[in-house]
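Listed below, chain by chain, are the residues.
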Amino acid sequence: MTGNRRNLSFLCSLLFLLLTVPLFYGALRGECADQAPKNDLTKAEFFLKKFEDRLFRFRGQAFRLGYDDQEALNRIKTLKEKYPEDPAVEELFQRGRLALMKSKGDFMEITPDMLTFRENEKKLKKLFGDIADKEWKEFTEQILAGPTVLPKAFPAPDRTQVSIENIKGSYVILDEFEYPANQFIDLEREFVSVGTGARGYYFVEISNRSWLGPYEAVKRYRRLINRDFPEEGKWTLLGRVTGIEMVIPQAEKVKTVAPQWGWVVTPVAVYIPGVTFAFYDSSIEEGGSFAGEERMEEIKDPLYTVRLVPRDVGPEMLVEIFAASVKEKNYELFLDCIDPDRKKGRNALSLIRYHWDLHLERFANFYVHVTTEEAKIEAIKGFDTGTGVEDFFLDDEQKKKVKEISGEIVEQALVTTRAWDERGRQYGSPKPHYLIRRDQGRWYINNFEQPF
C-alpha cells in the first residue's frame with residue numbers, strides 16, 4: 001500500500017514537471033524574444049543623438065528632417081513594432097517623439113493683446129486715408145475754380161497751336177503718373193513721362209525740391225503710418241506747366257525711340273486715393289508734408305503702450321520697449337532707445353531710418369511678438385566693484401585707486417530675444433542684442449540693426 005502511494009506521488013511529480021517545465025522555458029524564451037538586440041539599440045541611439053544635437057543647434061527654430069533624423073525615427077519605429085515591451089526601446093521612442101515635436105519649432109500662445117498693433121495700424125490707415133481724401137478734395141476745388149488750370153490733361157495741348165506763354169503756370173492733374181517706371185534722364189535733368197505720342201506728352205521734372213518735398217513726405221507716411229503702402233506705383237500728380245522740351249522719354253542708355261515734344265510740369269502735390277496726399281511746401285525744412293502729419297502724434301498717442309524710456313530701465317525692459325516702438329511705429333521712441341554714439345555722423349540717421357524700415361517689414365510679414373531672456377552683464381571698460389571675483393582680493397583703498405586709474409566704466413549687456421509669428425511658432429533662431437551703459441547711466445541699445 002505504501003509503495004503504491006510512493007508510485008502515485010512520483011507519477012504526480014513527474015506529471016507536474018512535464019507540464020510546468022515547458023511553460024517555464026517557453027516564458028523564458030518569450031522574455032528573451034521581447035528584448036531588442038543591443039547592437040540595434042546602439043545604432044538607433046547613434047542617429048537619435050545626431051537628431052538631438054541638431055535640435056540644440058537650431059535652438060527652437062523649425063527645420064525639415066534630414067537623413068540622420070529620418071534614420072533615427074525609422075530605426076526606432078522598427079524596434080518599437082518588433083519589441084513593444086522592451087523598456088530600452090520605449091525610452092528611445094519617447095526621446096524620438098520629443099525630438100520630432102521640437103523639430104517643428106518652439107511654440108507659445110499668441111493672445112489678442114499681442115496683435116493689437118495690427119488692428120491699430122488698420123485704424124490709422126483708414127483715418128489718414130479719410131483725411132487725405134478730404135484735404136485733396138478741398139485743395140483741388142480751389143485750384144479748379146481758378147482761371148489758370150487745364151480743364152483736362154488729354155489730349156495735351158498741341159504745341160503748334162498753343163504757345164508756352166498761353167499755358168505757362170497752368171495747373172494740370174495727371175492721373176497716370178507712374179514712378180519710377182516712367183523715369184528717365186535727359187538734358188542733365190530727371191523726368192517722369194506721362195502720356196503717349198498720339199495723346200501728347202507731359203514731362204514731370206523730379207530733379208528739384210518741388211518733387212522731393214512731396215515724395216519724402218510720402219516716404220514718411222509709409223514709415224510712420226502704413227508700411228504696406230508701396231514706394232512706387234501709379235499715382236495722381238498735380239503740377240504746373242513751366243516749359244516745353246524735346247527729349248527722349250526712355251530710361252535705357254541705348255535709346256530706341258525718337259525724341260518727343262512735351263510740356264514740362266513742376267510738381268505741386270501727389271495723391272493716392274484712400275491712402276495719402278502729400279504736397280510741396282517751401283516754408284518748412286522738409287519741403288513738404290502729408291495730410292494729417294501736423295496732427296500725427298496727437299492722433300497716434302492714445303494707441304501707444306509705451307511713450308518714453310524710464311531713466312532706471314533694465315536691459316530686458318529696454319529691448320521690449322525697442323520692439324514696442326517698432327510695432328507701434330513710434331519713431332522718436334525708437335531713436336531714444338539707441339546709443340547716442342550710434343546717432344553721430346552725417347550718415348548715421350540715414351542708416352537708422354534704413355534699419356527702421358527693415359524692422360517694420362519684419363513685424364508686418366514675419367513675426368508679431370518678442371520675448372526676452374535674462375540679461376548677461378559685464379564690465380568691458382574700467383573697474384566696477386561688486387561685480388566679480390576681484391572684489392575678494394582688493395581692499396577699499398585698492399578698489400578706489402584702481403577705479404581712479406581705470407577711467408570711465410562701460411558695461412555691456414547681452415539680451416537674447418525670440419520672435420514669434422501669429423500662429424505662436426518661433427520665427428528663426430534666438431537673436432543677440434547688445435546694450436551699453438556708461439558710468440551707471442541709462443542703458444542704450446548698441447546693435448540696433450539686429451532683427452528680433
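Residues numbered from 1 in each chain as written. Predicted model: local features only at pLDDT ≥ 70, side-chain atom pairs only at ≥ 80, totals over all residues. Heavy atoms only, no water.

### Notes on helix 3 (residues 67-82)
Thought 1: Relative to the 22 Å expected for 16 residues at 1.5 Å per residue, helix 3 spans 23 Å between its end C-alpha atoms, a close match to the ideal helical length.
Thought 2: On its buried face, helix 3 is in contact with helix 2 (38-58) and helix 4 (87-103). (Helix = DSSP H or I, 4+ residues; strand = E, 2+ residues; numbered from the N terminus. Expected span 1.5 Å × (residues − 1). Contact = heavy atoms within 4.5 Å.)

### With respect to the nonpolar core
Thought 1: Within the largest apolar cluster, 86 residues are counted, with the highest numbers of intra-cluster contacts made by Leu174, Phe177, Tyr202, Trp211 and Trp235.
Thought 2: In this view, Trp211 contacts Phe177, Tyr179, Glu205, Ile206, Trp235, Leu237, Pro267 and Val270; residues no more than four positions away in its chain are not counted.
Thought 3: Counting 16 residues, the second-largest nonpolar core is a separate cluster that includes Leu41, Leu79, Val89 and Leu92. (Core = buried A, V, L, I, M, F, W, Y, C linked by side-chain atoms within 4.5 Å. Buried < 20%, exposed > 50% of the residue type's maximum accessible area, 1.4 Å probe, protein only.)

### As for unusual backbone geometry
Thought 1: The residue after Phe154, namely Pro155, is reached through a cis peptide bond having omega -5°.
Thought 2: Geometrically, the link from Tyr179 to Pro180 is a cis peptide bond, its omega value of 5° lying close to zero.
Thought 3: Inspection of the secondary structure puts Pro180 in the loop between strand 1 (171-179) and strand 2 (183-186).
Thought 4: Notably, Lys329 is not glycine yet its phi reads approximately 55°, a positive angle.
Thought 5: Position of Lys329 among the secondary structure elements: in the loop between helix 9 (315-327) and helix 10 (331-337).
Thought 6: With a phi angle near 50°, Asp439 is a residue other than glycine that sits in the positive phi range.

### Some points on the confidence of the model for the protein chain
Thought 1: Overall, the predicted model of the protein chain reaches an average pLDDT of 89, with 91% of residues at or above 70.
Thought 2: In the model, residues 21-32 has pLDDT below 50 throughout and makes one contact with residues more than four positions away in sequence or in other chains. (pLDDT = per-residue confidence, 0-100.)

### Remarks on the pairing of strand 7 (residues 276-280)
Thought 1: In terms of burial, strand 7 is a largely internal element, four of the five residues being buried.
Thought 2: Pairing geometry for strand 6 (residues 260-272) and strand 7, over four bridges, is antiparallel. Note that in strand 7 the partner of Ile272 across the bridge is Thr276.
Thought 3: Hairpin remark: strand 6 followed by strand 7, antiparallel, with three residues in the connecting loop; positive phi at Gly274, about 75°. (Pairing = 2+ DSSP bridges.)

### Some points on the packing of aromatic side chains
Thought 1: Overall, the coordinates contain 32 aromatic pairs when judged by the stated rule.
Thought 2: When the centroid spacing of 5.3 Å and the interplanar angle of 10° are considered together, the rings of Phe366 and Tyr427 count as stacked. Linking Phe366 in the loop between helix 11 (348-365) and strand 9 (369-372) with Tyr427 in strand 12 (residues 426-438), this pair joins segments that are 61 residues apart in sequence.
Thought 3: Phe366 sits in the partly exposed class, given a relative accessible area of 34%.
Thought 4: When the ring of Tyr367 is compared with that of Tyr427, the centres are 5.7 Å apart and the planes differ by 55°; the resulting orientation is tilted. Here Tyr367, found in the loop between helix 11 and strand 9, pairs with Tyr427, found in strand 12; they are 60 residues apart in sequence, far enough to count as distant.
Thought 5: By way of ring pairs, the aromatic residues Phe117, Phe322, Tyr331, Phe334, Trp356, Phe363, Phe366, Tyr367, Tyr427 and Phe452 are connected into one cluster.
Thought 6: Lying across the ring of Phe93, Lys80 places its NZ or CZ 5.1 Å from the centre.
Thought 7: Over the face of the ring belonging to Tyr171 we find Arg240, whose NZ or CZ atom lies 4.7 Å from the ring centre. (Phe/Tyr/Trp six-rings, centres within 6.5 Å; stacked < 30°, edge-to-face > 60°. Lys NZ or Arg CZ within 6 Å of the ring centre and 35° of its normal.)

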